[in-house]
Amino acid sequence: MAILSRKERTAKRHRRARKKISGTTERPRLAVYRSSKHISAQIINDETGETLCAVASYSKDLKDITNGSNAEGASKIGEAIAAKAKEKGVETVVYDCGGNLYHGRVKALADAAREGGLNF
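Since the structure is predicted, the reported quantities are computational estimates derived from the model, not experimental observations. (Residues numbered from 1 in each chain as written. Predicted model: local features only at pLDDT ≥ 70, side-chain atom pairs only at ≥ 80, totals over all residues. Heavy atoms only, no water.)

1. A closer look at the side chain of Asn-45
Reasoning step 1: Examined against the element boundaries, Asn-45 turns out to sit in strand β2 (residues 39-45).
Reasoning step 2: A polar atom in the side chain of Asn-45 sits 3.0 Å from the backbone nitrogen of Glu-47.
Reasoning step 3: In contact with Asn-45, other than residues within four places in its own chain, are Gly-23, Thr-24, Thr-25, Pro-28 and Glu-50. (Helix = DSSP H or I, 4+ residues; strand = E, 2+ residues; numbered from the N terminus. Polar contact = N/O pair within 3.5 Å; in protein donor to acceptor, adjacent residues only side chain to side chain. Contact = heavy atoms within 4.5 Å.)

Structure representation (structure tokens):
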């Protein structure tokens, strides 16, 4: 049995989750990507392959986020994606943590998006 790297384990979890998770027109997918320095989230309709809105810690329009590699920055991203989703008329989403464990920054983003008004 081969020992998998962290990246391979994350990819394996992501493939396993994406078999079950799919965004629709009524309930699009909130996909989260986490790197070592940044975090990003986008709302995707998988039926049409369309990204409805996206926010990232490195976006030029979000100057108040000084650090995307901590829970505070992830919370601001969660609030921003919830606000953009409200503008687009999206109320409920399916949460896709991208193979990452639901802990730390990924959890902080989800909690802030819920407080911002998204249901998942």
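2. Some words on the nonpolar core
Across soluble globular proteins, nonpolar side chains show a tendency to be buried alongside one another.
Reasoning step 1: The biggest cluster of nonpolar side chains holds 25 residues, and the ones touching the most others in it are Leu-30, Ile-43, Ile-77, Ile-81, Tyr-95, Leu-109 and Leu-118.
Reasoning step 2: Listed by contribution, the elements that provide at least two residues to this core are β1 (29-34), β2, β3 (50-56), α2 (71-88) and α3 (105-115).
Reasoning step 3: Counting residues per element, this core draws most heavily on α2, which supplies six residues.
Reasoning step 4: Once residues lying within four places of it in the same chain are set aside, the contact partners of Ile-43 are Pro-28, Arg-29, Leu-30, Glu-50, Thr-51, Leu-52, Cys-53, Ile-81, Ala-85 and Val-93. (Core = buried A, V, L, I, M, F, W, Y, C linked by side-chain atoms within 4.5 Å. Buried < 20%, exposed > 50% of the residue type's maximum accessible area, 1.4 Å probe, protein only.)

3. Observations concerning α3
Reasoning step 1: Among all positions of α3, only Arg-105, Val-106, Ala-108, Leu-109, Ala-110, Ala-112 and Ala-113 are buried.
Reasoning step 2: Where the residues of α3 are buried, they touch β1, β2, α2 and β4 (94-96).
Reasoning step 3: Taken from the residues just after α3, Gly-117 is the one with a positive phi, measuring 115 degrees.

4. Quick word on a positive patch on the surface
Reasoning step 1: On the surface, a cluster of positive charge is made up of Lys-12, Arg-15, Arg-16, Lys-19 and Lys-20.
Reasoning step 2: As for its position among the elements, Lys-20 is in the loop between α1 (6-18) and β1. (Patch = residues over 30% accessible without salt bridge, like charges linked within 9 Å, V, L, I, M, F, W, Y side chains within 5 Å. Areas by Shrake-Rupley, 256 points an atom, 1.4 Å probe, with all protein chains shown as cover. Salt bridge = Lys/Arg side-chain N within 4 Å of Asp/Glu carboxyl O. Lys, Arg positive; Asp, Glu negative; His and termini not counted. Charge placed at Lys NZ, Arg CZ, Asp CG, Glu CD.)

5. A few points about the pairing of β2
Reasoning step 1: Where burial is concerned, most of β2 is hidden: six out of the seven residues are buried.
Reasoning step 2: Judged from the six bridges that link them, β1 and β2 form a sheet pairing that is antiparallel. From the neighbouring strand, Leu-30 faces β2, where its bridge partner is Ile-43.
Reasoning step 3: Between β1 and β2, which pair antiparallel and follow one another directly, the connecting turn spans four residues.
Reasoning step 4: Between β2 and β3, which pair antiparallel in sequence order, lie four residues; one of them, Gly-49, sits at a positive phi of approximately 75 degrees. (Pairing = 2+ DSSP bridges.)

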